[in-house]
Amino acid sequence: MEKKPIRVVVAKPGLDGHDRGAKVIAQALRDAGMEVIYTGLRQTPEQIAEVALQEDAQVVCLSSLSGAHSHLFPSTAQALKAAGLDDVLLIGGGVIPDDDITPLKEAGIAEVFTPGTSTKDVIKYIEDRIYGGQER
Amino acid sequence: MFDSEKVKKVTEAKEQWKAGTLGKVLAKAPERKAHFATDSGIELETVYTPDNLGEFNYEEKLGLPGQYPYTRGPQPNMYRGRFWTMRMYAGFGTAEQTNERFRYLMQQGQTGLSCAFDLPTQIGYDSDHPLSQGEVGKVGVAIDTLADMEVLFDQIPLGKVSTSMTINAPAAVLLAMYIVVAEKQGVPVDQIAGTIQNDILKEYIARGTYIYPPEPSMRLITNIFEYCSQHVPKWNTISISGYHIREAGSTAAQEIAFTLADGIAYVQAAIDAGLDVDVFASRLSFFFNAHLNFFEEIAKFRAARRLWAKIMKERFGAKKEKSMMLRFHTQTAGCTLTAQQPDVNIVRVAYQALMAALGGTQSLHTNSRDEALALPNEHSVLIALRTQQVIAHEIGAADVVDPLGGSYYVESLTDQLEAKAQEYLDKIDALGGALKAIEFMQREIQTSAYQYQQGVESGDNVVIGVNKFKIQEEPPKGLLKVDPALGIAQCEKLKKVKEGRDNAAVQAALEHIRQVARTDENLMPAIIDAVRLYASLGEICGVLREEFGEYKQNIVF
């Protein structure tokens, strides 16, 4: 049976302008057959939740290289929750020190991908989580 | 340069060699790759000989150092006179913390300052703005008012040191603050030296810290050109930056082309505003990346100098030599640093710094080993600075001007990069110039970035520690951490400044900026007046936001 494409929002929260990683991930996910919406820069957590709601997203990918992840990622988790999107898979990537990863996971970020990650690993992670029936 | 009869003989000998000496080896064992190419896709031959250069006119292509077209360098004796300025990009947390880092670096032999601002500062928000939450002091120092700037440069003599500030959309405000701090130190404004990045086009294209739409942004830039040509003659009024274009994923050829296309747009805008090209052009400066492909990067710097000299002379009719000289700062490529086996980054940075020195840079920042993980700690920064000092003082690389000039290979790469960049420039001209070609450039960069990543994942692009020679390792220790409580303290500080100043005078000064913004007068004097009264960056940029509106990015994906 043909699987329906996974719907993904790739978002840049906060003021960070580094979008190379976000765009490469967005393109890789699209090439892997997913439907991808890229929000562009300077999104607030509320705006990201709004896009996720509008686009009926199953996955939200956050990218931050500015060191503001410990504030912005949990705020986005809360905004998704407030929008009733508890079942959306929320993942993040960027320049994120190891020490910050556990608190991010406790705050509702399912997985954190750090520099050097292969796009194939991200694709596999998303497919396993969505098709593997392990959604939260 | 070469006797054509003798070149012919070289060509014949090379053909025989290919069929014989080389052919025999290739018949026995294939080479490591089917094709060898540079990052810009220039196909490489096995060896380079005089016939690769064709009709090589030495005078036209190279000339002598300090002479048109400046391929060999902008100064006649380059580093035999003075080394490049060792200028480490630094800034984090509060003005106090950054001042301490600045003074540490000066004690360690750094010869110029380079200031990193946090994102709220770069986007014209005060630390207490809702969008600043979580960002205060993170990627650079937080500056809200002149009070912060006074602390930032405390005990640093602005008459003796030059300062580069990575600030773009709010460049006029930070320059104004710097001018007033110098005044307070008793330094005449015509004696201060430094650079503001002030390059909005690459913010739209690749870096993202824009505020206003293109038209008022270009007006602010030409206002600064004009003001500084009259009052701050030693200031580099712009640093036209390919660095971030390259970091976003471009090739070396695209880096040259898109940077010079932006340069053309600024020069044209200033001429259109009525300025004389020879009055402002000598204060234009550039900023390039030192990436991975050793010889292509060196050729890139040389090709950029030659191409810019021709553009200034032939396209804009510049008469003064200084208007045609491309002077540039270099930073080693941040995107080549790995989080894995971070000590290996020290080696990468050393080679990259050498590329910059061999390419004739005027100043250099060397990245630190831990920057794929966090802002650098003091120890990492010291190694990075020492790397430059080793190149300058120990290995003799700075003793002869343009030491690779005349290499068949490097000259061939220089020619080919120039040609590739010229092709892009023609295309951008056909699209109506850099402002009209923003999305074109973004698409080109994105395609290159994606191709590079695919190369990494297929193993064609080797990244040591990431897709080859991997090891199990412990998470690194001792990373620099910015205290999250700092944001609150910075807001308190701003509140105190606002309570202590003459608020009626501040309001009048802000209103004056609004009125000037509506005319075509120069905004700099009004901004300097407001800054002196401790009007905040967010207040000044806020007024201009109301008058000019905000840039909306078209999403290219």
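Values in this document were obtained by computation on a predicted structure and should not be read as measured data.

1. A short note on the overall build of chain B
Okay, so step 1: Looking only at helices and strands, chain B features 21 helices and 9 strands.
Okay, so step 2: Relative to the globule expectation of 24 Å for 557 residues, the C-alpha radius of gyration of chain B, 24 Å, shows essentially globular dimensions.
Okay, so step 3: Each of the 557 residues in chain B was classed as buried or not, and the buried ones make up 59%.
Okay, so step 4: Sequence-distant contacts in chain B: of pairs separated by 6 or more residues, those separated by 24 or more amount to 78%.
Okay, so step 5: By element, 53% of the accessible surface of chain B is carried by carbon and sulfur atoms, the whole surface being about 22,500 Å².
Okay, so step 6: Computed over 57 positive and 69 negative side-chain charges, the separation of the two mean positions in chain B equals 4 Å.

2. A closer look at the sheet that holds strand S5 (residues 111-113) of chain A
All names here are of chain A.
Okay, so step 1: Spatially, the 5 strands line up as an open sheet ordered S2-S1-S3-S4-S5, and their pairing is parallel. Only two strands of the sheet have a single neighbouring strand rather than two, namely strand S2 (35-38) and S5. Across the sheet, the axes of successive neighbouring strands diverge by a mean angle of 20°, strand direction being ignored.
Okay, so step 2: When strand S1 (residues 7-11) meets strand S3 (residues 59-64), the two strands line up parallel, connected through 4 bridges. Pairing of Val9 across the sheet is with Val60, part of S3.
Okay, so step 3: Here helix H5 (residues 119-131) sits on the sheet in contact with S3, strand S4 (89-94) and S5, set at roughly 170° to S4.

3. Observations concerning the interface of chain A and chain B
Okay, so step 1: Facing 35 residues of chain A, the contacting portion of chain B comprises 39 residues.
Okay, so step 2: The contact between chain A and chain B buries some 3,000 Å² in all, and 54% of this surface belongs to carbon and sulfur atoms.
Okay, so step 3: Together, Leu15, Arg20 and Arg42 of chain A form the three largest contributors to the area buried by chain A at its contact with chain B, with a combined 26%.
Okay, so step 4: If you look at where chain A meets chain B, you find 1 salt bridge.
Okay, so step 5: With its nearest N and O atoms 3.0 Å apart, the salt bridge here joins Asp100 of chain A to Lys481 of chain B.
Okay, so step 6: At the junction of chain A and chain B, the tally comes to 13 residue pairs in polar contact (both at pLDDT 80 or more).

4. Some points on the environment of Tyr70 of chain B
Residues and elements named next belong to chain B.
Okay, so step 1: Relative to the helices and strands, Tyr70 is located in the loop between helix H2 (58-61) and strand S1 (85-90).
Okay, so step 2: Sequence-wise, Tyr70 and Ile513 are 443 residues apart; in three dimensions their C-alpha atoms are separated by 41 Å.
Okay, so step 3: The contact partners of Tyr70, leaving out residues within four places of it in the chain, are Arg305, Ala309, Glu321, Met324 and Met325.

5. Quick look at the nonpolar core
Proteins that are soluble and globular tend to have nonpolar side chains buried together.
Okay, so step 1: The biggest cluster of nonpolar side chains holds 175 residues, and the ones touching the most others in it are Leu29 and Ile126 of chain A together with Met149, Phe153, Trp308 and Ile513 of chain B.
Okay, so step 2: Aside from chain neighbours lying at most four places away, what touches Ile513 of chain B is Leu523, Ala526, Ile527, Ala530, Ile540, Val543 and Leu544 of chain B.
Okay, so step 3: Core analysis: the next-biggest nonpolar cluster, separate from the first, contains 22 residues, Ala11, Ala68, Ile96 and Val112 of chain A among them.

6. Topic: the packing of helix H6 (residues 171-184) of chain B against helix H21 (residues 537-548) of chain B
All names here are of chain B.
Okay, so step 1: One can describe the packing of H6 onto H21 by two numbers: an axis separation of 10 Å at closest approach and a directional angle of 140°. Classified by the angle between their axes, H6 and H21 sit oblique to one another. H6 and H21 meet at a crossing whose hand is right-handed. Where H6 abuts H21, its residues Val173, Leu174 and Met177 lie against Leu537, Ile540 and Cys541.
Okay, so step 2: Its residues placed into classes, the contact of H6 with H21 shows 6 nonpolar, no polar and no charged.

7. Details of a nonpolar patch on the surface
Okay, so step 1: A contiguous nonpolar surface patch, about 270 Å² in accessible area, is contributed by Val462, Ile464 and Phe469 of chain B.
Okay, so step 2: Secondary-structure assignment places Ile464 of chain B in the loop between helix H17 (438-458) and helix H18 (486-500).

8. Here's the deal with the pairing of strand S8 (residues 328-332) of chain B
All names here are of chain B.
Okay, so step 1: Within S8, 5 of the 5 residues are buried, which leaves the element mostly enclosed by the surrounding structure.
Okay, so step 2: Examined bridge by bridge, strand S7 (residues 284-290) and S8 share 5 bridges and lie parallel to one another. Within S8, the position partnered with Phe287 by the bridge is His329.
Okay, so step 3: Two elements, S8 and strand S9 (residues 363-365), share 3 bridges in a ladder whose sense is parallel. Across the sheet, residue His329 finds its bridge partner in S9, namely Ser363.
Okay, so step 4: In the classification by handedness, the crossover that spans S8, the intervening helix H14 (residues 344-358) and the parallel S9 is right-handed.

9. Digging into helix H3 (residues 69-82) of chain A
Residues and elements named next belong to chain A.
Okay, so step 1: Over its 14 residues, H3 extends 19 Å from the first C-alpha to the last, a length consistent with the 20 Å expected when each residue adds 1.5 Å.
Okay, so step 2: Those residues of H3 that sit buried are His69, Leu72, Phe73, Pro74, Ser75, Thr76, Ala77, Ala79 and Leu80.
Okay, so step 3: Contacts from the buried residues of H3 go to helix H2 (45-54), S3, S4 and helix H4 (98-106).
Okay, so step 4: Looking at the residues trailing H3, positive phi occurs at Gly84, about 80°.

10. Brief notes about the UniProt feature "domain: Methylmalonyl-CoA mutase alpha/beta chain catalytic" (unreviewed entry) in chain B
Okay, so step 1: When the UniProt feature table is mapped to this numbering, "domain: Methylmalonyl-CoA mutase alpha/beta chain catalytic" (unreviewed entry) covers residues 38-550 of chain B.
Okay, so step 2: From the first C-alpha to the last, residues 38-550 of chain B spans 39 Å; its make-up is 49% helix and 8% strand.

11. Section: the domain arrangement of chain B
Residues and elements named next belong to chain B.
Okay, so step 1: Here chain B is partitioned into domain 1 (4-58) and domain 2 (62-458).
Okay, so step 2: For domain 1 and domain 2, the distance between their C-alpha centres works out to 36 Å.
Okay, so step 3: Contacts between the two partners involve 13 residues from domain 1, matched on the other side by 20 residues from domain 2.
Okay, so step 4: Between domain 1 and domain 2 the total buried area reaches about 1,500 Å² when both faces are included, carbon and sulfur atoms providing 60% of it.
Okay, so step 5: Of all residues in domain 1, the largest losses of buried area upon contact with domain 2 belong to Asp39, Ile42 and Tyr58, amounting jointly to 40% of the total for that side.
Okay, so step 6: The tally of links from domain 1 across to domain 2 stands at 1 salt bridge.
Okay, so step 7: The salt bridge involving Asp39 is made with Arg246; its shortest N-O contact spans 3.5 Å.

Criteria and cut-off values
- Residues numbered from 1 in each chain as written.
- Chains lettered and ligands numbered in written order.
- Predicted model: local features only at pLDDT ≥ 70, side-chain atom pairs only at ≥ 80, totals over all residues.
- Heavy atoms only, no water.
- Helix = DSSP H or I, 4+ residues; strand = E, 2+ residues; numbered from the N terminus.
- Rg over C-alpha atoms; globule rule 2.2 N^0.38 Å.
- Buried < 20%, exposed > 50% of the residue type's maximum accessible area, 1.4 Å probe, protein only.
- Contact = heavy atoms within 4.5 Å.
- Areas by Shrake-Rupley, 256 points an atom, 1.4 Å probe, with all protein chains shown as cover.
- Lys, Arg positive; Asp, Glu negative; His and termini not counted.
- Charge placed at Lys NZ, Arg CZ, Asp CG, Glu CD.
- Pairing = 2+ DSSP bridges.
- Axes fitted to C-alpha atoms, helices over the stretch in contact; angles between N-to-C directions.
- Buried area = accessible area lost by both parts, 1.4 Å probe.
- Salt bridge = Lys/Arg side-chain N within 4 Å of Asp/Glu carboxyl O.
- Polar contact = N/O pair within 3.5 Å; in protein donor to acceptor, adjacent residues only side chain to side chain.
- Core = buried A, V, L, I, M, F, W, Y, C linked by side-chain atoms within 4.5 Å.
- Parallel < 35°, antiparallel > 145°, perpendicular 65-115°, else oblique.
- Left-handed = near helix turned anticlockwise from the far one by under 90°.
- Nonpolar A, V, L, I, M, F, W, Y, C, P; charged D, E, K, R; others polar.
- Patch = residues over 30% accessible without salt bridge, like charges linked within 9 Å, V, L, I, M, F, W, Y side chains within 5 Å.
- Right-handed = clockwise from strand over helix to strand, strands pointing away.
- Expected span 1.5 Å × (residues − 1).
- UniProt positions renumbered as here; feature names shortened; annotations may be inferred.
- Domains from an automatic or database assignment.

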